[in-house]
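Summary of the model geometry
The chain contents come next:
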Amino acid sequence: AHGVRQSVGHDWDPRTGELWFTDNGRDGLGDNSPPDELNHATRKGQHFGFPYFYGIDIPDPDHGEKRPISDFESVAMPLAPHAAAIGMKFYTGDMFPDEYKNVIFIAEHGSWNISGEGNPYNGYRITTVKMENNEAVSYETFAEGWLLDDGRQRFGRPSDVRVLTDGSMLVSDDMAHVLYRITYNR
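Thresholds, definitions, all that
Residues numbered from 1 in each chain as written. Predicted model: local features only at pLDDT ≥ 70, side-chain atom pairs only at ≥ 80, totals over all residues. Heavy atoms only, no water. Helix = DSSP H or I, 4+ residues; strand = E, 2+ residues; numbered from the N terminus. Buried < 20%, exposed > 50% of the residue type's maximum accessible area, 1.4 Å probe, protein only. Contact = heavy atoms within 4.5 Å. Pairing = 2+ DSSP bridges. Axes fitted to C-alpha atoms, helices over the stretch in contact; angles between N-to-C directions. Polar contact = N/O pair within 3.5 Å; in protein donor to acceptor, adjacent residues only side chain to side chain.

1. Regarding the environment of H10
- Along the chain, H10 turns up in strand 1 (residues 10-12).
- Under the relative-accessibility criterion, H10 is labelled partly exposed at 42%.
- On a C-alpha basis, the gap between H10 and K89 in space is 7.0 Å, while along the polypeptide they are 79 residues apart.
- Ignoring any residue separated from it by four or fewer positions in sequence, one finds H10 in contact with L19, W20, F21, M88 and K89.

2. Describing the sheet that holds strand 10 (residues 135-143)
- Sheet architecture is open: four strands sit in the order 7-8-9-10, paired in antiparallel fashion. Each edge of the sheet is formed by a strand with only one pairing partner; in this case those strands are strand 7 (85-90) and strand 10. Direction aside, neighbouring strands of the sheet carry axes that sit 25° apart on average.

3. Some thoughts on the sheet that holds strand 13 (residues 178-182)
- With respect to topology, three strands assemble into an open sheet ordered 11-12-13, the strand pairing being antiparallel. Of all strands in the sheet, those with a lone pairing partner are strand 11 (158-163) and strand 13, marking the two edges. The sheet shows a mean angle of 20° between the axes of neighbouring strands, taken without regard to direction.
- Where strand 11 meets strand 12 (residues 169-173), five bridges bridge the pair, whose relative direction is antiparallel. Within strand 12, the residue paired with R162 across the bridge is L170.

4. Description of the pairing of strand 12
- Of the two faces of strand 12, the one lined by M169, V171 and D173 is fully buried and the one lined by L170 and S172 carries no buried residue.
- Here five bridges tie strand 12 to strand 13, and the two strands are oriented antiparallel to one another. Bridging from a neighbouring strand, M169 pairs with I182 of strand 13.
- Following strand 12, the chain reverses through four residues before pairing antiparallel with strand 13; H177 in that reversal takes a positive phi of roughly 60°.

5. A few points about the side chain of T127
- Its location among the elements puts T127 in strand 9 (residues 125-132).
- At 3.3 Å, the side chain of T127 forms a polar contact with the side chain of E108.
- If we skip the residues at most four places from it in the chain, T127 touches I104, F105, I106, E108, Y139, E140, T141 and F142.

6. A short note on unusual backbone geometry
- Here the amide bond leading from S33 into P34 is cis, since omega sits at -5°, within 30 degrees of zero.
- Mapped onto the fold, P34 is located in the loop between strand 2 (19-23) and strand 3 (35-41).
- Omega for the bond connecting F50 with P51 falls within 30 degrees of zero, at 5°, which places this linkage in the cis form.
- By secondary structure assignment, the location of P51 is in the loop between strand 3 and strand 4 (53-54).
- Positive phi, close to 45°, is recorded for Q6, a residue that is not glycine.
- Residue Q6 is classed as partly exposed on the basis of its relative accessible area of 48%.
- A positive phi angle, near 50°, is found at N133, a position not held by glycine.
- Examined against the element boundaries, N133 turns out to sit in the loop between strand 9 and strand 10.
- Residue N133 is classed as exposed on the basis of its relative accessible area, which comes to 76%.

Next up, the structure:
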């Protein structure tokens, strides 16, 4: 694949064997732009836009006019800007309710460059992307609380997720230097 920027998290869809991965959007285009991305590689040689375009249709100010947007794959799901979506996994366990089966869980490490007092940081949470017919259809918060009430002070930074054989999920936090285990009791 080409045009991938700072992809850290990736996983193979357990149903199709296709690759899904996160990309971090670039800095310097504002507090709310561009989004991080969830992308879907379905064949060899696809181009995902970097450094020409971000998100669905945001041109890079220095490179965006050099190639048409039609040269690139569309983002599967735009994610929060500057959230640093780094770790991700499909949920393949049996502990969580059925609606989480084959849902993508993403560790959003969190922004550091949102300007100004009163503007909360993005990320610092675990999000989910639900799928229908091999398409990403929703993006929602699953677990949060690593940011304090003002949205500017943090006590942890989720960095990755892993599904254990019992169906529980581990979340690593590289700021607090801990692992969290998320379980569900039916």
